Amino acid sequence: MLKKTLLAFTLAGILSGCSLDGDDGDNGTNGSNGLNSLIAHNTLGVGDSHCFFGGTVITSGLDSNENGSLDDSEVTATTYDCDANNVGVTGSRLPYSVLRNTLEDGASPGMMFEVRNGGYGSDMVKHPTEANQFYALTDRGPNASYTGDQGTGKVFPTPDYTPRIGLFELQANGDVKKLADILLKDTDGNPITGLPNSSALGGTGETPYAVNDDGSVEVIREDMSQPYDETTNPIKLDDFGLDSEGLVALSDGTFWVSDEYGPHIVHFDASGKEIGRINAFADDERNVFTLPAEYANRRANRGMEGLAVTPDEKTLVGIMQSTMYNPGSAVKNLDVVRIVAVNLEDGAVSQYLYKQEKTQNSQSGIFAVNDTKFVVIERDGAFYNDNPEAMKHLYVIDIANATDLEAVDEDVTWVQDESLGLTKNGSTVEEVVLNEGWEGLTNAGIMPVEKTFLVDLVAEVGYPHDKLEGMWMINNTTIGVINDDDFATWSSSGVLEQKYLDAGQNTIDGNTLYIIDGLNDISQ
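Residues numbered from 1 in each chain as written. Predicted model: local features only at pLDDT ≥ 70, side-chain atom pairs only at ≥ 80, totals over all residues. Heavy atoms only, no water.

### A few points about the pattern of salt bridges
Piece 1. On inspection of all chains with the given rule, the structure shows 21 salt bridges.
Piece 2. Note that Asp243 and Arg140 form a salt bridge whose closest N and O atoms lie 3.3 Å from each other. Of this pair, Asp243 sits in the loop between β14 (217–219) and β15 (244–249) while Arg140 is found in the loop between β8 (133–137) and β9 (144–148), placing the two residues 103 residues apart along the sequence.
Piece 3. Assessed through its relative accessible area of 3%, Asp243 is described here as buried.
Piece 4. Beyond isolated ion pairs, a larger network of salt bridges with shared partners links Asp466, Lys467, Asp486, Lys499 and Asp509. (Salt bridge = Lys/Arg side-chain N within 4 Å of Asp/Glu carboxyl O. Helix = DSSP H or I, 4+ residues; strand = E, 2+ residues; numbered from the N terminus. Buried < 20%, exposed > 50% of the residue type's maximum accessible area, 1.4 Å probe, protein only.)

Structure follows, in structure tokens:
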């Protein structure tokens, strides 16, 4: 301790006798000026890839070139403040015009009702380049079941109606605006009708009738000014007529449409003129490719309800609405649905099977996520306001591990029949399920598509409509859907009336867009 104390004393004495202040040194070189930190706010419109419903993008960074603005190369951080889904659970109604208002409402004697156009709900599909636009398809036009002097068929209140594609745009406030109509035309450019085809092209003998302002009904014939005559003035049919149900929009501006009559799959140019066709009738000279012959056994009014194209636009994929009558109506009450894929380069065909949740449900729409994965609609025909068990579901399906019926090797048991497709000991696939259950197929290694539940529209938005028929793939977690409103027309026992969503007749049905976001990523 003594040594330490002495040392401290001696050092202190030395320091006390010295001056530690020296001369000031030279000033150092000035440093560079600091850079300004900038923040920019920009508004995003509807359809933006980051914020579909619009919002704000906030970017920040250092102004390295000192020009007072934040250039793209200077951005070091980006955040998004997205607007909420402004379509919501109530949906956005599409605009309509009135086709006819001169008919008495069969449910309200003395009151007239409106036949509306409307009708853009048979399918919908995204615009190939405009993110906030979509196309929507009508079917053959307003109609109702009717039996008259010339047999069972349909009554058409607007028999000259032309099926069409509408182009629509979602606005910033959630409203839907119609931008254009594309009327469907034959190969000569003449507008088609929705009247049935002849029997040679799949017509099932449906007789078309027209209804007059006084409520009387008469068969539609070639010359409406003259009485019907089987030879000189026969029933008017239209072999270009379509009951259009499925829609594809290609990047070249053309469209493919599938229907319930043939079924036919028809290629239209951007103006709506037919430029090609695919169906099951090998003698149809309009065909560019031919479907397997068994597709001519589709159930009337339940044909090819959905149509999609793979992302490379090389393969069309169609789904039938319900079990085909292959070979006849004995298989009606089944849950087996066919999917067909057609290669647009060489016409090669593949077929797959889908198992429904409930027999006689409807597969009303399909779109492609990738080459093997698709989203499909499966629904019943109930109104939720009348039936709380109403089913309106979307499922993700994958065909990767499903059996291609066209590729099943023939042997003593399994044979590829020219008119019935794959058969087991002479029974069609549908008959095998009827007689043996699905085990009759799966025990032989014939497997349906894989299927995963995606969303229940009734639970999600209280979906009030009977027909869920169209889908718009907005992104991997957001899907738009639309209903078929039947042109706001309904019938009871063949009598036309206004179509309502509720028994109290408070709300007329109308095409309504719903957008469901926050879904599980369908690409995974």
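On we go from here.
### Brief notes about the state of the cysteines
Piece 1. Applying the stated criterion across every chain, the model contains one disulfide.
Piece 2. Disulfide partner of Cys51: Cys82, at an S-S distance of 1.9 Å. Measuring the twist about the S-S bond at about -60°, one finds the Cys51-Cys82 disulfide to be left-handed. Taken together, the residues Cys51 in the loop between β1 (37–44) and β2 (55–62) and Cys82 in strand β3 (residues 75–82) connect sequence positions 31 residues apart. (Disulfide = S-S within 2.5 Å.)

### Some thoughts on a negative patch on the surface
Piece 1. Among the surface-exposed residues, Asp312, Glu345, Asp346 and Asp371 lie close enough to one another that they form a single negatively charged patch.
Piece 2. By secondary structure assignment, the location of Glu345 is in the loop between β22 (336–343) and β23 (349–355).
Piece 3. A relative accessible area of 57% places Glu345 in the exposed class. (Patch = residues over 30% accessible without salt bridge, like charges linked within 9 Å, V, L, I, M, F, W, Y side chains within 5 Å. Areas by Shrake-Rupley, 256 points an atom, 1.4 Å probe, with all protein chains shown as cover. Lys, Arg positive; Asp, Glu negative; His and termini not counted. Charge placed at Lys NZ, Arg CZ, Asp CG, Glu CD.)

### Some thoughts on empty space enclosed by the protein
Sizing a probe to match a water molecule and rolling it over the atoms shows the empty space that remains.
Piece 1. Tallied over the entire structure, the rule returns one cavity of 30 Å³ or more.
Piece 2. In this structure, the largest cavity encloses a volume near 30 Å³.
Piece 3. Contributing to the lining of the largest cavity are Pro196, Asn197, Gly202, Gly203, Thr204, Gly205, Glu206, Tyr261 and Arg298.
Piece 4. Tallied by class, the residues present in the lining of the largest cavity amount to two nonpolar, five polar and two charged. (1 Å grid on protein atoms, 1.4 Å probe; cavity = no way out; pocket = protein on both sides within 12 Å on 5 of 7 lines; lining within 4 Å. Points joined across faces, edges and corners; volume = space filled by probe spheres on them. Nonpolar A, V, L, I, M, F, W, Y, C, P; charged D, E, K, R; others polar.)

### Examining the pairing of strand β25 (residues 373–379)
Piece 1. Summarising burial for β25: seven of the seven residues are buried, a large majority.
Piece 2. Burial along β25 is two-sided: Lys373, Val375, Ile377 and Arg379 facing one way and Phe374, Val376 and Glu378 facing the other are all buried.
Piece 3. As defined by bridge partners, strand β24 (residues 362–368) adjoins β25 across six bridges and the pair is classed as antiparallel. Residue pairing in the sheet places Gln363 in a bridge with Glu378 of β25. (Pairing = 2+ DSSP bridges.)

### Some words on the sheet that holds β9
Piece 1. As summarised here, the arrangement of the four strands in space is β9-β10-β13-β14, forming an open sheet in which the pairing is mixed. Each end of this open sheet is capped by a strand with a single partner; those strands are β9 and β14. Adjacent strand axes in the sheet meet at a mean angle of 45° when their direction is disregarded.
Piece 2. Of the pairings in the sheet, the one linking strand β13 (residues 207–211) to β14 comprises three bridges and is antiparallel in character. (Axes fitted to C-alpha atoms, helices over the stretch in contact; angles between N-to-C directions.)

### Things to note about the confidence of the model for the chain
Reading fine detail from the predicted coordinates is not recommended where pLDDT is low.
Piece 1. With 94% of its residues at a pLDDT of 70 or more, the chain has an overall mean of 93.
Piece 2. Contacts for the low-pLDDT stretch residues 1–19, under 50 throughout, to residues beyond four places or in other chains number zero contacts. (pLDDT = per-residue confidence, 0-100. Contact = heavy atoms within 4.5 Å.)

### Let's talk about the packing of aromatic side chains
Piece 1. For the coordinates displayed, the defined rule picks out 11 aromatic pairs.
Piece 2. Residues Phe134 and Phe168 carry aromatic rings whose centres are separated by 5.5 Å and whose planes lie at 15° to one another, so their mutual orientation is stacked. Residue Phe134 is located in strand β8, and its partner Phe168 is located in strand β11 (residues 164–170); the two are separated by 34 residues in the primary sequence.
Piece 3. Measuring from ring centre to ring centre gives 5.0 Å for Tyr135 and Phe255, while their planes differ by 85°; the resulting arrangement is edge-to-face. In this pair, Tyr135 sits in strand β8 while Phe255 sits in strand β16 (residues 255–259), placing the two residues 120 residues apart along the sequence. (Phe/Tyr/Trp six-rings, centres within 6.5 Å; stacked < 30°, edge-to-face > 60°.)

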